[in-house]
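Observations on chain architecture
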Amino acid sequence: MMERVAVRVGLLGLLFACVTSAPTNVNRDWDIYSFHINSTVTSRYATTVITSRVANRIDQSKEIEFHVKIPKNAFISKFRMTIEGKTYDGVVKQKEEAQQQYTQAVSRGQSAGIVSSVGRTLEEFKTSVTVAALSKVTFELTYEELLKRRLGKYELLIHARPMQPVADFKIDVYINEHPGINILEIKGGLSTKELANAISKTQTSTEAWVHFYPSKEQQSQCDSCGEEGLNGDLVIVYDVHRKKSIGDLKKSDGYFVHHFAPSDLPRIPKNVVFVIDQSGSMYGRKIQQTREALLKILGDLAEDDHFGLITFDSSVSPWKEELLPANQKNLEAAKTFVQNIRERGATDINAAVLRGTDMLNRHLREGTASLLILLTDGDPTTGETNLETIHKNIKEAIDKKFPLYCLGFGMDVNFEFLEKMALENNGVGRRIYEDSDAALQLQGFYEEVATPLLTDVQMVYLGGANLTQANFSQYYNGSEIVVAGQITDNNIEEFTAEVIAISKSNKVTYSETIPTEEPITARSDSNLQRLWAYLTVKQLLDKEVQLSGNEKETVKKKILDLCLKYGFVTPLTSMVVTKPQGEESQVAHKPKEGETPTESKQNAQINFSQHTDYMDYDFPHNPTEITIKDIGQLLEGNLPTHSTKMTTTTVSPLIRFLLPAEGQALPLCYDIPVGLSLRLLKDPNNDCSMNGQLGQSDNAGYQKIVLHYRSDQHIDFDTTGITFNNGQNATYFSWSVNINIEKDSVSLILRDKEMDVTMGSTRVIIMLYERDGKVFLWPVLRQRPTGDNISGIMARPPVVYEEVQGTTIKLKIQDKEVDVSRASTVDLSVRSAPTVTCWLTPLQSALQGELADFTVSQL
């Protein structure tokens, strides 16, 4: 019966015959039918929310492990589960207590989840969810991080691996930077080849939006994709303008943050010693990649730099006993030495680092910056092998005179030992992953510390308290110093920030004073406070690594107190969500009397009539899923029909549209009279088109949109619902229904008052808005159709323009100068509908055509 109807009604049959089978994977007992990642970045502090909706398709409870990879500097801060329509928020507890609560919940057959960190680098979190029989669980995971500036840019890394192709998959990123955004790039494995056209971005002077909406088909065909769907990274790269050397100082409600990253300074010549492990464990590709990286690094040294090379195994072998200037003669000799490095023997880390320290101590030049870089892949196995003794020896020898950077090669290295040694000496530990790009990883690290600009940096805040780290041994070009704190004295009238440092041989001072009663930032109070808490916890974790005994326990208690207050998941805490003991469990699959498992009250009762009148059915208040049983009832046509109600609004003259600009901060905007019927999109290659009728108000968008597919099928959208019509039959759906189908080259997803339509290479979102008492539609083109002869108002590519200098504001578009004015409008392509600044341009110049070219006589 279903197959026969599917053949007869075409697209309507597609809608009904596939509505339950499309989102599921027949090879799994469970199905992820929705997966959204939403990231918001304000003043470099990022909050990312992952929302996954999972269904258990078997008649017994099943535990599902969900692996979430997050940037290693991030903290998970929220985990919530929605079960049987109720939401249960996670609570941060000590790990042991959290694990016990989770185990008890699972033993009772309840749905429960736990999030735990794996190692102290926070590279991966695991969420284990026990889903009750034939039930659904929605879980929401939130993590926060302060983006770190490296090589002049910030990177927001989003990893996506939902474990299956997901029909409703979205990544949305919003960036708001008050100083202004001067670079915006999209990189990563999810931005290349087949997936590139699933990405859209919009940018103004201070804001940026990035959307990644791959179709289910695209999720299976990219380089890193397969039967389990997407598996890769989306990386948003950006930087901000810096108009003042003092940097960006913000305060709000008793907290402040200071971003300091001057670039208008002369580079400081450096003294650098490389201590290289050549023990037997470095055999093969490791030693080869080390040689390759060193040769490139030597080539990047400046002539006023001095350098030294030390290799070690069971013995220590310096290239030269003294540091030498990086002139051509010395560099050529050093490269010959590097090319002859061969692996052998054991590992005497203590003696090697002490030799490098002695070399730098004997070569401390005024007006220079010194640094020691260690590369090793193993534990100390000869000479001094007691780890605590080695730490003590190195710390005493360096005596805070320069930083030690420890690079651990591979996964077998004792990274905790190296990290502690680096942190105790004002450096950092970095793992070099044993992969094909290991040489590039080594070079990348060196580039971060290659250009010192300041030494002995002291950050002083008059009126500040509970500061994060405020003293830094060195500041490197392309990096950033961030200090946060509290303003606890309510009586002070001014807050002063002062930076004192050494630039070459000169002392430099930067200072700024701001009144305490005037807000100077748009950041919300909670965000600024959370940034302070994040930095404090992060730095206390680094401090805890270096301590032992009572001091260690004291710091651990401070960390735990802050984590419990702010909800951070760290190596000391976990987060648990479970149903209270007094409530009914979700394990029983036996239905109530008179019901079958597919007839629960949550299901929509939808019916289908075999005539063409519009039908308006009653649906539950909450969004619902359409089931096979519902489709059978729908085909029988049992429910009564009702007439469709029409509404009108007050007439205003114009509606404003946005047109993105390529390579420019401000988009164009143009006005179109209300009430017109417009050609939105026409794609003859895929036999589809879309037209829309504007409302009668300047802020009411479209009142009706019609999407035509092939010769006889169309979907009508209005503010009350959606009508599917195949030329013979029509069926009306409320916006509150959930639809999720895919077949051949057509995909239809209706959820949260958004209809996501994919037809061939075209992807369109129809959004239902309720703003200022008005209800209207707004279409968004997420994926432009491929091929020639594409037309319509939405088919216009991003415009290319140049600003023309003169007494009046002009833009050059298509070699013609156009008078424009600075204006603003609401960007309805984003659900939050932000107000953006734009260049108000005549319609003919913006669209490169007359208005008549984009109007239609009927929809």
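The structure this text deals with has already been given above.
Now for a description of the structure that goes with this document. The shown structure was predicted, so the numbers you read here are calculated from the model rather than taken from an experiment.

Turning our attention to the nonpolar core. Across soluble globular proteins, nonpolar side chains have a tendency to be buried as a group. With 62 residues, the main nonpolar core has Phe-717 and Met-755 as its most contacted residues. It is strand 43 (residues 762-771) that contributes the most residues to this core, 6 residues altogether. Tyr-143, Leu-147, Ile-175 and Val-240 belong to the second-largest nonpolar core, a separate cluster that totals 50 residues.

Taken as a whole and judged by the stated rule, the model has 6 cavities of 30 Å³ or more. For the largest cavity, the calculated volume is near 100 Å³. Top element by residues in the lining of the largest cavity is helix 5 (residues 285-300). It accounts for 4 residues. Classifying every residue of the lining of the largest cavity by side-chain character gives 11 nonpolar, 1 polar and no charged.

Each α-helix winds once per 3.6 residues, and so residues spaced three or four apart point in a common direction. The buried fraction of helix 9 (residues 415-423) is high, at 8 of 9 residues. Considered for burial, the residues of helix 9 that qualify are Phe-415, Phe-417, Leu-418, Glu-419, Lys-420, Met-421, Ala-422 and Leu-423.

This paragraph deals with the environment of Thr-825. Along the chain, Thr-825 falls in strand 48 (residues 821-826). You can call Thr-825 buried: its relative accessible area is 12%. Taking the C-alpha atoms as reference points, Thr-825 and Cys-838, separated by 13 residues in sequence, lie 7.4 Å from one another.

Turning to the environment of Leu-234, a few remarks are in order. By the element assignment, Leu-234 lies in strand 15 (residues 232-240). The spacing of Leu-234 and Phe-212 is 22 residues in sequence and 8.8 Å in space, taken between C-alpha atoms. Among all residues touching Leu-234, those that are not within four sequence positions of it are Leu-156, Leu-157, Ile-158, Ile-171, Ile-186, Lys-187, Leu-190, Ser-191, Ile-199 and Phe-212.

A few words now on the sheet that holds strand 16 (residues 248-252). What the 3 strands build is an open sheet, ordered 16-17-27; its pairing is antiparallel. The open sheet terminates on both sides in strands that have one partner only, identified here as strand 16 and strand 27 (481-486). Put simply, the sheet's adjacent strands are angled 10 degrees from each other on average, direction ignored.

Attention now goes to the pairing of strand 34 (residues 677-683). Most of strand 34 sits inside the fold, with 5 of its 7 residues counted as buried. Of the strand pairs in this sheet, strand 34 and strand 35 (residues 688-694) are connected by 6 bridges, and their pairing is antiparallel. Residue Arg-679 lies in a different strand from strand 35, and its bridge partner there is Asn-691.

Another point: the state of the cysteines. One pass over the structure, following the stated rule, counts 1 disulfide. Bridging Cys-669 to Cys-838, the disulfide has an S-S length of 2.2 Å. Looking along the S-S bond of the Cys-669-Cys-838 disulfide, the torsion reads about 75 degrees, which is the right-handed sense. With Cys-669 in strand 33 (residues 668-673) and Cys-838 in strand 49 (residues 835-840), the pair connects residues that are 169 residues apart, well separated along the chain. For Cys-669, a relative accessible area of 0% gives the class buried.

How each quantity is defined
- Residues numbered from 1 in each chain as written.
- Predicted model: local features only at pLDDT ≥ 70, side-chain atom pairs only at ≥ 80, totals over all residues.
- Heavy atoms only, no water.
- Core = buried A, V, L, I, M, F, W, Y, C linked by side-chain atoms within 4.5 Å.
- Buried < 20%, exposed > 50% of the residue type's maximum accessible area, 1.4 Å probe, protein only.
- Helix = DSSP H or I, 4+ residues; strand = E, 2+ residues; numbered from the N terminus.
- 1 Å grid on protein atoms, 1.4 Å probe; cavity = no way out; pocket = protein on both sides within 12 Å on 5 of 7 lines; lining within 4 Å.
- Points joined across faces, edges and corners; volume = space filled by probe spheres on them.
- Nonpolar A, V, L, I, M, F, W, Y, C, P; charged D, E, K, R; others polar.
- Contact = heavy atoms within 4.5 Å.
- Pairing = 2+ DSSP bridges.
- Axes fitted to C-alpha atoms, helices over the stretch in contact; angles between N-to-C directions.
- Disulfide = S-S within 2.5 Å.

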